Amino acid sequence: MAEKEKFYITTAIAYTSRKPHIGNSYEIVLTDAIARYKRMQGKDVFFLTGTDEHGVKIEEYAKAAGVEPQAYVDKVAGEIRGICDLLNTSYDKFIRTTDPEHMRVIQKIFKKLYEQDDIYKGEYEGMYCTPCESFWTESQLVDGKCPDCGREVKPAKEEAYFLRLSKYQKKLEEFIESNENFIYPELRKKEMLNNFIKPGLQDLCVSRTSFKWGIPVDFDPEHVVYVWIDALSNYITAIGYDPDGSSDLYKKYWPADVHIIGKDIVRFHTIYWPIMLMALGEPLPKQVFGHPWLLFGEDKMSKSRGNIIYADDLVNLLGVDAVRYYLLSEMPYTSDGSISYETIIERYNSDLANTIGNLVNRTVAMQKKYFGGVVQKPKEPEAIDEELRNFALETVEKVEKSITSYRMADSVEAVLNLAKRCNKYIDETMPWALAKDEAKQARLGTVLYNLLEGIRFLAILLSPYMPETSEKIFSQINSDKKDYSSLSSFGALEAGKSVNDPVPLFSRIDAEKTLAEIAKQQEEAAKEAEKAKPKEIEGLAEISIDDFAKVELRVAKIKDCEPIKRAKKLLKLTVDDGSDKPRQIVSGIAPWYKPEELIGKNVIIVANLKPAKLCGELSQGMLLAGDIGENDVKVVFVDMPEGTKIR
């Protein structure tokens, strides 16, 4: 027996910061549909998903929740895996980056790269975005904020290890240009080459010392392995990669046939990850597909916007298969998809209840009514039968072509169109009219056979998207001909067997009533969220005395002051706050004060503010000032000796 062709497919691993919303769930359903389709074709599929569980954000979330980081990620990883299971995804392995085996191999990978000088020790200084766990130079910022997420950044400096991206830049560029389908779709490839690789790659920070929740660098335990090597390497550690000798599973399945990821992390998977593999001497994945986002209306889903929809809420409303169908049918190939309760219900009623559900129900019902359920052997075909036959065979080809190029919405549409064509065939042949003529019983049997065979095609082609619905259809038509190879010809349905009783696949939803109920639930949830917010006094959020006690306010005398040439709004002040040595503060008050007006004045400063660099100058505190009108700022001057503590 010939060995099956292997197919290794992965999702990006989900970050364990919080419960994923339906936009996050799209990727696992998309990947599952591809994996199921490849299995149906007879391939030996390995489908990997999992969770990314280290980093400063997890440390912060755990602290806020009052638990240890491991307990925090255990909870969220459980929620993520629960949603994967709820959505009936057929992953072969669920990896966690806190798995002991993964952590052990990551330490070996890091050490191997260091020993061969692909990783070196240095110092990193730049603007750091905590949510993205990324350092940026001033020139990379957009309006002073993180270019990836648009959030605030802060100056940071620390000792770190770096991966020599620059060493492999030319090799990577040549690989991408000579492997035209490595980055998919084409626009993502152009973006990577033109915006990131060709302008020049900077070496990548791959360790941190400012937090502890990570995999320790075993030969330098002050450092933890940063997200890039830790998270990206899951694709090989999960199947048994080891620098000292990999498993048979790894040798069988690597390189991956495709990484399915969101468009926002294409850079990490097509620049950082390939260079890591090049440095390790391992083959690169065959393809990286960057899919678009699923938006709520026109906005990206987020808790701060209050527009989050969760998978379990949708499943409770529609059922698992209907949710899978919507996710796969609604997402365009390159542009972002959209989700709203209105469109979900509309698609459910039109595509599932009216088109697919109605087709199966009335066909099986007619078979029971006219022939006692027994499937008749078809007789001489007519032209209209050949049209249906050809349409069904062409649908198989369309689905194959669409899934191969990851145009999932197109593949779902092709299957839906087959159901529509079968419904049209009913209208064209009018079985109820044929049933009235005894002489046309053979023709009636042929028409119903063709419809049942069309439905059998439909059930097989639906199975990657809607596996439970597919099984229900097979149960109703009572056919065991479920194999994909049977779609090579039209007519494999077994005559002489009896169909089972028709059972509605999808019940229509009362849109107006359901939307009103959802609106009421959202309103109640918003009220509960409002109650959970800190109490406010005159529009200001209350803090506790303990919160205020953390801020150390101190009187300081301005000893010197000068402008910063590179920044029109900043002044550099040297102040004496009563401590052993002077303190430097950078303040954005240049539009309102000249340096000579400030020298000798006593001011109040925040003395325990974390130092930061502004335009290259170290700032070790902050001046208190007030907004007293539109575009008018006044510094708080006081008649108290320097060193006085304010409380």
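Here the structure is shown first, and the text comes after it.
These figures come from a predicted structure and were not determined experimentally. (Residues numbered from 1 in each chain as written. Predicted model: local features only at pLDDT ≥ 70, side-chain atom pairs only at ≥ 80, totals over all residues. Heavy atoms only, no water.)

1. Focus: the side chain of glutamate 53
- With respect to the helices and strands, the residue glutamate 53 is situated in the loop between strand 3 (44–52) and helix 2 (56–65).
- Judged by relative accessible area, glutamate 53 falls into the buried class, the value being 0%.
- Setting aside residues up to four positions removed in sequence, glutamate 53 forms contacts with Thr16, Ile58, Val73, Ala77, Arg96, Thr97, Thr98 and Trp213. (Helix = DSSP H or I, 4+ residues; strand = E, 2+ residues; numbered from the N terminus. Buried < 20%, exposed > 50% of the residue type's maximum accessible area, 1.4 Å probe, protein only. Contact = heavy atoms within 4.5 Å.)

2. Side note on the environment of lysine 379
- With respect to the secondary-structure elements, lysine 379 resides in the loop between helix 13 (341–371) and helix 14 (383–404).
- When the C-alpha positions of lysine 379 and glycine 445 are compared, they lie 8.2 Å apart, and in sequence the two are 66 residues distant.
- Ignoring any residue separated from it by four or fewer positions in sequence, one finds lysine 379 in contact with Ala442 and Thr446.

3. Thoughts on the packing of helix 14 against helix 17 (residues 441–462)
- Where helix 14 meets helix 17, the axes come as close as 11 Å, and the angle between the chain directions of the two elements is 5 degrees. The orientation of helix 14 with respect to helix 17, classified from their angle, is roughly parallel. Contacts between helix 14 and helix 17 involve Ile384, Asp385, Leu388, Ala392, Leu393, Thr395, Val396 and Val399 from the first element and Arg443, Thr446, Asn450, Phe457 and Leu461 from the second.
- Of the residues belonging to the contact of helix 14 with helix 17, the class tally is eight nonpolar, three polar and two charged. (Axes fitted to C-alpha atoms, helices over the stretch in contact; angles between N-to-C directions. Parallel < 35°, antiparallel > 145°, perpendicular 65-115°, else oblique. Nonpolar A, V, L, I, M, F, W, Y, C, P; charged D, E, K, R; others polar.)

4. A look at the pairing of strand 23 (residues 602–606)
- Within strand 23, five of the five residues are buried, which leaves it mostly tucked inside the rest of the structure.
- Covered by surrounding structure in strand 23 are Asn602, Ile604 and Val606 together with Val603 and Ile605, the residues of both alternating faces.
- Here strand 23 pairs with strand 26 (residues 622–623) via two bridges, running antiparallel. Counterpart to isoleucine 605 in the pairing with strand 26 is leucine 623. (Pairing = 2+ DSSP bridges.)

5. Section: the nonpolar core
- Ile9, Leu314 and Tyr465 are the most contacted members of the largest nonpolar core, which has 104 residues in total.
- Tallying contributions element by element places helix 17 first for this core, with 13 residues.
- Discounting chain neighbours no more than four positions away, the residues touching isoleucine 9 are Thr31, Ile34, Ala35, Val45, Phe46, Phe47, Leu48, Val258 and Ile260.
- In this structure, Leu113, Leu172, Leu277 and Leu280 belong to the second largest nonpolar core, which totals 69 residues. (Core = buried A, V, L, I, M, F, W, Y, C linked by side-chain atoms within 4.5 Å.)

6. Some points on the packing of aromatic side chains
- On inspection of all chains with the given rule, the structure shows 27 aromatic pairs.
- Judged by centre distance (5.2 Å) and plane angle (45 degrees), the rings of phenylalanine 46 and tyrosine 253 are tilted. Linking phenylalanine 46 in strand 3 with tyrosine 253 in helix 9 (residues 248–253), this pair joins segments that are 207 residues apart in sequence. Each member of the pair, phenylalanine 46 together with tyrosine 253, is buried.
- Of note, lysine 19 hangs over the ring of tyrosine 310, and the distance from its end group to the ring centre comes to 4.5 Å. (Phe/Tyr/Trp six-rings, centres within 6.5 Å; stacked < 30°, edge-to-face > 60°. Lys NZ or Arg CZ within 6 Å of the ring centre and 35° of its normal.)

7. Overview of the sheet that holds strand 6 (residues 134–136)
- Spatially, four strands are ordered 6-5-7-9 in an open sheet, and the strand pairing comes out antiparallel. The sheet is open, and its two borders are formed by strand 6 and strand 9 (204–205), each paired with just one other strand.

8. Quick notes on the pattern of salt bridges
- In the structure shown here, the tally under the stated rule is 41 salt bridges.
- The shortest N-O distance in the salt bridge between aspartate 32 and arginine 324 comes to 2.7 Å. Here arginine 324 lies in helix 12 (residues 320–330) and aspartate 32 lies in helix 1 (residues 22–40), a separation of 292 residues in the sequence.
- Residue classification places arginine 324 among the buried residues on the basis of a relative accessible area of 0%. (Salt bridge = Lys/Arg side-chain N within 4 Å of Asp/Glu carboxyl O.)

In short, the description is geometric, and any link to function would need to be established separately.
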